[in-house]
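Next come the chains, spelled out residue by residue.
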Amino acid sequence: MASTDKLFLRALKGEKTERPPIWLMRQAGRYLPEYLETRAKSKNFLHFCYSPDLAEEVTLQPLRRYGFDAAILFADILTIPDALGQKVEFVKGEGPKLEAIRDMDGLSKLSLDGIHDHLAPVYETVSRLSKSIPSSTALIGFAGAPWTNATYMVEGEGSKNYETIRLIAYQDPDFFQSLIDMLVEATAGYLIKQIEAGAEAVQIFDSWAGVLPEDQFDRWVIAPNKEITRRIKEAYPDIPVLGFPRGAGPLYKKFVLETGVDGVSIDQTVPLDWAAKELQPLCCVQGNLDNLCVVAGGEQMEVQVQKILDTLSDGPFIFNLGHGIVPQTPPENVARVVEMVQNYKK
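Residues numbered from 1 in each chain as written. Predicted model: local features only at pLDDT ≥ 70, side-chain atom pairs only at ≥ 80, totals over all residues. Heavy atoms only, no water.

## Re the side chain of Lys6
In step 1: Mapping Lys6 onto the fold places it in the segment before α1 (7–12).
In step 2: There is a polar contact of 3.0 Å between the side chain of Lys6 and the backbone oxygen of Thr137. (Helix = DSSP H or I, 4+ residues; strand = E, 2+ residues; numbered from the N terminus. Polar contact = N/O pair within 3.5 Å; in protein donor to acceptor, adjacent residues only side chain to side chain.)

And the structure:
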């Protein structure tokens with residue numbers, strides 16, 4: 001099947017498709033027993049991400065179960081800080097822990113040299129997937145956006161309020177701009193290498209974009225995403241780029257207008273009617289079922305799925321969640337969501 005016949009790619013090109021394509025963020029993950037079985041074969045999470053055999057297998061698992069219209073490379077956004085030379089580890093029950101970088105001295109310890117050699121196993125996984133996924137399924141590459149990766153690099157771990165990084169961005173903007181510039185360079189190169197390996201579209205996850213006021217959002221979210229998108233389009237003009245500035249609220253529209261993305265993923269707080277009116281005329285919209293609604297399941301979930309489908313299916317649209325599947329999600333609830341979308345007729 002030619003790539004132009006793939007439902008997911010057609011939607012990203014701006015088409016209103018006969019039914020919305022569907023894939024779900026973190027569709028390969030801890031809610032699936034087969035994932036847990038595969039994960040147990042790896043000594044730690046980064047090793048898991050850098051093991052093409054294992055990463056390919058867990059990417060394929062949800063396709064076998066549900067028949068999604070797109071597969072997303074299994075990896076982690078923190079492969080970029082790791083490749084730059086920052087110490088990164090994943091602590092069981094606590095999440096990622098990094099050796100925090102908060103000034104020029106810390107930044108000087110990082111290097112762009114050799115990052116693609118370090119990330120070669122990820123490119124190998126993409127290459128394998130380009131051959132092993134079903135012919136009707138699109139392959140998505142991805143990376144974390146500079147701001148979101150920087151939050152982990154500066155805070156040293158996940159955060160609830162991001163006070164340290166927000167303060168540093170105000171107090172030492174020269175250092176912070178240098179960090180962001182390095183991340184733009186690394187991220188653009190990383191995504192282009194994924195495309196060269198076989199990715200048919202890429203998504204840039206700016207998961208913590210919503211903590212910034214507008215002027216800071218412009219500088220640390222819009223500007224880096226715009227430059228990464230520009231570099232991708234310069235190298236591969238036909239490859240669609242999806243942006244996800246989660247929590248951006250009304251700034252979603254400004255993000256779309258200024259970055260030049262082909263599609264935008266919206267979180268569950270975005271009003272559907274607003275998205276249909278303000279975003280869909282500009283690009284493909286992807287979203288936005290509450291991931292906890294899928295945990296709950298039942299009639300309430302079905303009502304929400306139907307509402308999203310009815311509101312957004314008149315334009316270019318990809319069904320997804322407002323954020324990734326959580327580990328406590330019953331697989332049978334995911335199956336019901338997929339069934340509703342794949343059988344949808346307006």
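## With respect to the sheet that holds strand β7 (residues 263–265)
In step 1: Taken together, the seven strands give an open sheet; going across it, the order is β1-β4-β5-β6-β7-β8-β9, and neighbouring strands pair in parallel fashion. Taken across any chain shown, the strands that pair with only one partner, and hence form the sheet edges, are β1 (70–72) and β9 (317–321). Strand-to-strand, the axes of this sheet are offset by a mean angle of 25°, without reference to chain direction.
In step 2: Relative to strand β5 (residues 201–206), strand β4 (residues 138–144) runs parallel, the two sharing five bridges. The residue bridging Gly144 from the neighbouring strand is Phe205, located in β5. (Pairing = 2+ DSSP bridges. Axes fitted to C-alpha atoms, helices over the stretch in contact; angles between N-to-C directions.)

## Observations concerning the UniProt feature "domain: Uroporphyrinogen decarboxylase (URO-D)" (unreviewed entry) in the protein chain
In step 1: UniProt tags residues 21–30 as "domain: Uroporphyrinogen decarboxylase (URO-D)" (unreviewed entry).
In step 2: Here residues 21–30 runs as 0% helix and 0% strand, with 23 Å between its end C-alpha atoms. (UniProt positions renumbered as here; feature names shortened; annotations may be inferred.)

## With respect to the layout of surface pockets
In step 1: Space inside the largest pocket adds up to approximately 1,600 Å³.
In step 2: The wall of the largest pocket is formed by 42 residues, among which Arg26, Arg30, Phe45, Asp76 and Phe90 lie closest to the centre.
In step 3: Put simply, the parts of the chain that give the lining of the largest pocket at least two residues each are α2 (33–39), β2 (88–91) and β3 (95–98).
In step 4: At three residues, the largest contribution of residues to the lining of the largest pocket is made by α2.
In step 5: Residue composition of the lining of the largest pocket, by class: 23 nonpolar, 10 polar and nine charged.
In step 6: In this model, the second largest pocket occupies a volume close to 170 Å³.
In step 7: Lining the second largest pocket are Gln268, Val270, Pro271, Leu272, Asn288, Leu289, Asp290, Gln304, Lys307 and Ile308.
In step 8: Among the elements of the structure, β8 (284–289) and α16 (298–312) are those that each provide at least two residues to the lining of the second largest pocket.
In step 9: Top element by residues in the lining of the second largest pocket is α16. It accounts for three residues.
In step 10: When the residues that make up the lining of the second largest pocket are grouped by side-chain class, the tally is five nonpolar, three polar and two charged. (1 Å grid on protein atoms, 1.4 Å probe; cavity = no way out; pocket = protein on both sides within 12 Å on 5 of 7 lines; lining within 4 Å. Points joined across faces, edges and corners; volume = space filled by probe spheres on them. Nonpolar A, V, L, I, M, F, W, Y, C, P; charged D, E, K, R; others polar.)

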